[in-house]
Amino acid sequence: MGESVISLHGIQKSYGKHKVLRGVDLEIPKGDIFGLIGRNGAGKTTIFKTILGLSDYEEGSIDIAGFDKDPDKGRGRIGFFVGSDFFDYLSGRENLEYYRQLKGIKDRNEVSRVLKIVGLDTARGSFKNYSMGMKQRLGIANALMGSPEILILDEPTNGLDPQGIADMRHLFQDLKKQFGMTIIISSHILGELQNTADRFGIVNNGIIERVVTQEDLKKSDNCVRITVDDRERARKVLEEAGIKVLGEEQEARSLEDYYFNLLGGEQNA
Amino acid sequence: MRNYISADLKRICRRIPRAIVLASVYVILILIVVLSAGQNTWNSVTFTLIVEQYIAALTVIFGIIELISVYSDDFKAKTMQVAIGTGLQRDRVVFSKYTELLVLTFADLVLFAAAALISAAVVKTGYSADQAMEISVLCFKVWLSIAGYSSLSMILIFFTQATGLATLLYLGLAAKIVSALLSLLTDLDAIQFLHLNRLLLSTMLDTFGSRLVLNNFNVPSFIGILVYIGIGYAATVFLFRKRELEF
Ligand SMILES: Nc1ncnc2c1ncn2[C@@H]1O[C@H](COP(=O)(O)OP(=O)(O)O)[C@@H](O)[C@H]1O
Ligand SMILES: [Mg+2]
């Protein structure tokens, strides 16, 4: 694991008597796509809020981009998407123009650049008439403004249709490849980040239960899934080659797989 | 911080409902001046009296318009969260927002005074330099009142992260409902001799304003007003420091 851009040590936080974070330790390696997964209410959003300075905590420490003494400075390196709230009387472009000024970004082409990345460069009308997916993408465009080193995305695919989700995955991969961004994405849908993230933090009940990498997932090497067109012949060939078939189960196709097969379009990055 | 202020000011000035309300304030003023000018009782004294009466309502009108302009959309769009999440210190958020309010209401009042004096000049009301000064001084007093009452209301704004309750408090303060109730207390026989009434923000604003009209800068009441502003501001910063911000 390379150097960390965000480290959390022993973060504890309560809402009244309800302890929501119970000692969160987390290291986010530079340049990784890090998936924070866990069921609703596990504490993902709260972890992000403590990183972003929107939520106070009782115990522990946070180091962002080496600024452990002055987290506000570190936060200057972060772009984030937590919800897609904007001024509803402004257009998407005007909203981003406002945030460009607020964030002190000098380059006037920045808004067009990020709108293009999320595919909203031709969108018309005011924000309040945007579809859910467009609002979501505008939120991500806002996070991308100023090319931050670190991107925090809280359930960015919530409310998107399957094509939107697939597009989003592509986008994350591109951002990592093109800009070397470190991206932290949360999701409560397990399959969603499977092929997107390099590393997963499993959040449960206010702690990081475990961090696993893609390699860890691949290591269980006696268990492979091979999809064939002729099941009977495949079994025979394996037996002839002296390979014991220990188990075999009829695998249902994933709905997503089925959907994309039927309608075309892109699946995983 | 400067970026936050200037981005907000640009956005607020383009807000159409706000522009309509402000425009009607000015249009009504100009109409009053122009239409009254036709009456034979009209002279520079009646002009000054009418405008002063109008100015008395501005603490409420401008204060509430700008309070809502500065905060309400910000809360809906969760702009503060973005500002803080991308590294703006919380104290600076409070400072930025309060500055915006002061800048906007100052501009509103300068425009108001200009509209009054220019429209009166156009209809040939021969007011004196003293009368013009008096109108400007009263506008300045309104600005100080807005600064004082809004700094107290700001405590609620930042604490509740909403404008509803705070606007009510502001209305109570600016319409002198709060001070009327408090003076019932301060006038109680047992404590009347302490003259606590003098310490009310509204009393100090009145003292300061009425002296300034007479070209007398009353230092104690001015300091008193600044103390109130400081208390509201400091309490806001203190309470906002650890406030949970929702998404
Ligand atoms: N502002 C709040 N006040 C009280 N409880 C909260 C607040 N925000 C979150 N919680 C509680 O904290 C727990 C973790 O919430 P959250 O971090 O939003 O989970 P996740 O994002 O993983 O779904 C939940 O039990 C939730 O009810
Ligand atoms: Mg959440």
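Relevant structure appears above.
Structure report, in brief. (Residues numbered from 1 in each chain as written. Chains lettered and ligands numbered in written order. Predicted model: local features only at pLDDT ≥ 70, side-chain atom pairs only at ≥ 80, totals over all residues. Heavy atoms only, no water.)

### Here we look at the packing of helix α2 (residues 16-36) of chain B against helix α3 (residues 44-77) of chain B
Residue and element names in this part refer to chain B. Packing of α2 against α3 brings their axes to within 11 Å, and their N-to-C directions diverge by 175°. When the axis of α2 is compared with that of α3, the two are roughly antiparallel. Of the residues in α3, those touching α2 at R18, V21, L22, V25, Y26, I28, L29, I32, V33 and S36 are F47, I50, V51, Y54, L58, I61, F62, I65, E66 and S69. Of the residues contributing to the contact of α2 with α3, the split by class is 16 nonpolar, two polar and two charged. (Axes fitted to C-alpha atoms, helices over the stretch in contact; angles between N-to-C directions. Helix = DSSP H or I, 4+ residues; strand = E, 2+ residues; numbered from the N terminus. Parallel < 35°, antiparallel > 145°, perpendicular 65-115°, else oblique. Contact = heavy atoms within 4.5 Å. Nonpolar A, V, L, I, M, F, W, Y, C, P; charged D, E, K, R; others polar.)

### Concerning the site of ligand 1
Around ligand 1, the neighbouring residues are A:Y15, A:H18, A:V20, A:R39, A:N40, A:G41, A:A42, A:G43, A:K44, A:T45, A:T46 and B:E246. Within the side chain of A:H18, one N or O atom sits 3.3 Å away from an oxygen atom of ligand 1. Protein contacts shield 66% of the accessible area of ligand 1, which totals 560 Å² for the unbound molecule. Listing elements by their share of the shell around ligand 1, those giving two or more residues are β2 (18-29) and α1 (44-51) of chain A. By residue class, the composition of the shell around ligand 1 is three nonpolar, six polar and three charged. (Near = heavy atom within 4 Å. Polar contact = N/O pair within 3.5 Å; in protein donor to acceptor, adjacent residues only side chain to side chain. Areas by Shrake-Rupley, 256 points an atom, 1.4 Å probe, with all protein chains shown as cover.)

### A closer look at a nonpolar patch on the surface
The grouping of B:V27, B:I30, B:L31, B:V34 and B:L35 at the surface amounts to a nonpolar patch, some 430 Å² of accessible area in total. The residue B:L31 is located in helix α2 in this model. (Patch = residues over 30% accessible without salt bridge, like charges linked within 9 Å, V, L, I, M, F, W, Y side chains within 5 Å. Salt bridge = Lys/Arg side-chain N within 4 Å of Asp/Glu carboxyl O.)

### Regarding the sheet that holds strand β6 (residues 150-154) of chain A
Residues and elements named next belong to chain A. Spatial strand order, β5-β6-β7-β3-β8-β9: six strands in an open sheet with mixed pairing. Edge positions in the sheet fall to β5 (78-81) and β9 (207-213), since each has one partner strand and no second. Averaged over all pairs of adjacent strands, the angle between strand axes in this sheet comes to 15°, irrespective of strand direction. The strands touched by helix α6 (residues 162-179) are β3 (33-37), β6 and β7 (182-187); relative to β7, the strand with the most contacts, the crossing angle is about 160°. (Pairing = 2+ DSSP bridges.)

### What about the interface of chain B and chain A?
It is common to give the size of an interface as the accessible area lost on bringing the parts into contact. With 30 residues of chain B at the contact, the number on the chain A side is 27 residues. Around 2400 Å² of area is buried between chain B and chain A when both sides are counted, 57% of it from carbon and sulfur atoms. Of all residues in chain B, B:T86, B:E244 and B:F247 give up the largest surface area on contact with chain A, accounting jointly for 23% of the area buried on that side. Of all the elements in the fold, those that place two or more residues in the side of chain B that touches chain A are α1 (2-13), α3 and α4 (79-85) of chain B. (Buried area = accessible area lost by both parts, 1.4 Å probe.)

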